[in-house]
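Below, each chain spelled out in residue letters.
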Amino acid sequence: MQAPIAKKIPHLLTQHGQQRQDDYYWMRDDQRKNPEVIDHLRAENAYCDAQLAPSAARQQQIFSELKARIKKDDNTVPVRDGHYWYHSEVSGDDEYARHYRASSFSGDNKTLLLDVNAQATGHEFYDLADMTVSPNEQLLAYCEDTSGRRIYQVCIKDLQSGELLDDVLNECEGQVVWANDNRTLYYVKKDPQTLLGFQVFRHRLGSAQSDDELVYEEQDRSFYMGLGKSRDESLIFIDLEATETSHTYVLDADDPQAQPQPLMPREMGHLYDVDKLGEHFYIISNREAKNFRLMQADATTIADPSAWLELIAHRDNVLLEGVDLFNGHWLVTERELGQIRFVVYQHQQGKMQGEGQTLGFSDPCYYAGVGVNPEPDVTSVRIYYSSLTTPGSLYEFDLNTLERKLLKQQQVLGEFNAADYQSERLMITVRDGVQVPVSLVYRRDTFNKDGTNPLLQYGYGAYGITIDPSFSSSILSLLDRGFVYAIAHIRGSEMLGRAWYEAGKLAHKQNTFNDFIDVTQALVEQGYGAADKIFASGGSAGGLLMGAVVNQAPHLYRAIGCHVPFLDVLTTMLDDSIPLTTNEYDEWGNPNNEQDYRTIAAYSPYDNIRAQAYPHILVTTGLHDSQVQYWEPMKWVAKLREYKTDDHLLLFKTDLESGHGGASGRFKSLAEKALEFNFFLTTLDYEN
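Everything numeric here is computed off the predicted structure, so don't read it as measured data.

Rules used throughout
- Residues numbered from 1 in each chain as written.
- Predicted model: local features only at pLDDT ≥ 70, side-chain atom pairs only at ≥ 80, totals over all residues.
- Heavy atoms only, no water.
- Pairing = 2+ DSSP bridges.
- Helix = DSSP H or I, 4+ residues; strand = E, 2+ residues; numbered from the N terminus.
- Axes fitted to C-alpha atoms, helices over the stretch in contact; angles between N-to-C directions.
- Contact = heavy atoms within 4.5 Å.
- Buried < 20%, exposed > 50% of the residue type's maximum accessible area, 1.4 Å probe, protein only.
- Polar contact = N/O pair within 3.5 Å; in protein donor to acceptor, adjacent residues only side chain to side chain.

Asks: Can you tell me about the sheet that holds strand 35 (residues 534-539), naming the residues and giving the values?
Replies: Ordered by their spatial adjacency, eight strands build an open sheet running 31-32-34-33-35-36-37-38, and the pairing between neighbours is mixed. Edge positions in the open sheet fall to strand 31 (421-429) and strand 38 (650-655), since each of these has one partner strand only. The sheet shows a mean angle of 15° between the axes of neighbouring strands, taken without regard to direction. Pairing of strand 33 (residues 455-458) with strand 34 (residues 484-488) involves four bridges; the strand directions are parallel. Along strand 34, the bridge assignment pairs L456 with Y485. Along the sheet face, helix 7 (residues 541-552) touches strand 35 and strand 36 (559-563) and points at about 140° away from the line of strand 35.

Asks: Any chance you could break down the pairing of strand 28 (residues 380-387) for me, citing the residues and the numbers?
Replies: With six of eight residues buried, strand 28 lies mostly within the body of the structure. For strand 27 (residues 366-370) and strand 28, the ladder comprises five bridges, and the chain directions are antiparallel. Pairing of G369 across the sheet is with Y384, part of strand 28. Across six bridges, the pairing between strand 28 and strand 29 (residues 393-398) is antiparallel. Residue R382 lies in a different strand from strand 29, and its bridge partner there is E396. Connecting strand 28 to the antiparallel partner strand 29 that follows it, the hairpin turn spans five residues.

Asks: Tell me about the side chain of R20, and name the residues and values.
Replies: Note on placement: R20 falls in strand 2 (residues 18-21). Of the residues examined, R20 reaches a relative accessible area of 14% and is grouped as buried. In this structure the side chain of R20 is engaged in a polar contact, spanning 3.0 Å, whose partner is the side chain of T571. Among residues more than four places away in sequence, those in contact with R20 are H11, L12, L13, L570, T571, L574, Y597 and D607.

Asks: Tell me about the sheet that holds strand 30 (residues 404-409), residues and numbers included.
Replies: Hydrogen bonds along the backbone pair up the strands of a sheet, which may run parallel or antiparallel. Read from one edge to the other, the open sheet built from four strands follows the order 27-28-29-30, with strand pairing classed as antiparallel. Edge positions in the open sheet fall to strand 27 and strand 30, since each of these has one partner strand only. Mean inter-strand twist for the sheet, computed between neighbouring axes without regard to direction, equals 25°.

Asks: Got a sec to walk through the pairing of strand 11 (residues 164-178)? Specific residues and values, please.
Replies: Inspection of the sheet shows strand 10 (residues 152-158) paired to strand 11 by four bridges, in the antiparallel sense. Counted as the bridge partner of V154 is L169 from strand 11. Summarising the sheet, strand 11 and strand 12 (residues 184-190) pair through four bridges and their orientation is antiparallel. Among the inter-strand pairings, W178 is bridged to a residue of strand 12, identified as L185.

In structure tokens, the structure reads:
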């Protein structure tokens, strides 16, 4: 079967006196209903299936392995919120959970809140976002998306009668906040063109959405908009977040007619996160503190940052990531040398008592995060923990004694034994002398460090998002076949603090690609992987990473997995009608400015395809992706087919029902992972 060849329609793009001819520009005009586009995507799907048909049995075997490790009947640990204990359950082959509440931890008077399987019936795609109970605990508001475009519909259920109210809110972000009168809801409405949330509306139960009051509209389209509620539930927050600036408005949660007021003046470059408990506001701020510091204010000082009280000072080598507020304690999340830790401080009515005490873990590399702790009046906290060899574990720590109790650990079915696997943390020196952290894991009895193992390297490197090393039952299918799995914590994340992020964006973006390439070379030199068996994978901004890497160092990789990838950076960033473009200027640059244009043009994967041999490549996307449009990988694959000089596999698979997050459901999504793993193994059968 021959690979599909896309038609070419010359299209000239001119900016800053520079001309680019884009023969596949015709694909990008949001033609999801254009039969020619759909037919081409279907042809690509058929070609992908045909090329992998000889290994279809292995792909099914891998899928069966992935599915067999998952406990079919499982539940979360109940957590108290108000008068009830909430938990969810999954069973059998159900793709989704059922959500319940009960009057006790042990499950007395258990009541079904929402059966997501029933909600998803009849939909190829289903995503449940925010689910929130009214303050009087009688109503449930939930947000659902059935298209994959992250455009949500809000529905409200009466928990006493079990009936749905007539109120339905459309074209929303996936969150909703209740006012304290139990009759008023706040939600963010999306721009139908850019899919950017930019308006906050107030809805009164029993009224039509068309009658909802516009509470706030943000004019600067570089901000993302979200809603929240203070820890003491006295305030509703309108949170505005751009790459380099934060801003917050507040409304009195007790006043259903309240108008938003700025918490403090907007200051470009000021990033902060704020919460409130009792009389005090707590602000994690980068004001005069690149790695952030913890500040405290009250109603009289919150608008004047110069009057704030410093609780935790800035430190050059410690990134302050968050604070969770309890009536007698503060739980602070920090990161030093890439590792997360938690520090517990005792306080009395907002006044710190003594030194902080650290909660630590022993694995060489791990992920930990604060769990769901709805009630501020407790003296224990739930923390989720996972490492490359330790399945996800929920602990409860006593905030006074620091004693911990394991509440639940993810059960991995089959013959999994954590002692069979070994994880390591390396620091690899790259070309400019900087040391890049790398987390890796392998099976002890198949790893020799003699340069013979296949190795899969993963990376992301953007938006300050840190990919922590956590357990994946899926990756066992590669480890058990002799693979080493490595995560390169390259610049563009915040693994080593805010400066680590800033060194991997805008004019410094090339550092991200150099880091990934240099880590690959070092892992081969140190014997962790065979030079001819190196694989790489990334998605979204990590897909951009993959696209740049295969242009700049294609000889290093046998095969690449490139998922929902951002590849046509220059053209996309020049079009502010495309969803989310304006929010990205502080990350990638605004190519309407000539210097930013030249910076992006130097690495944009689509624009830097050239006549050379490329690795085997698998590309996946979702037709309804709201963040990276389907035409980016579609164009990239078409142009690669035109230019590449090798006969390696170039496969492109589009889920015609899903969006940026891929397939929905706990089992259906495993099919995508099985596809990638089988693709990698298939390429080992090819002669170079």
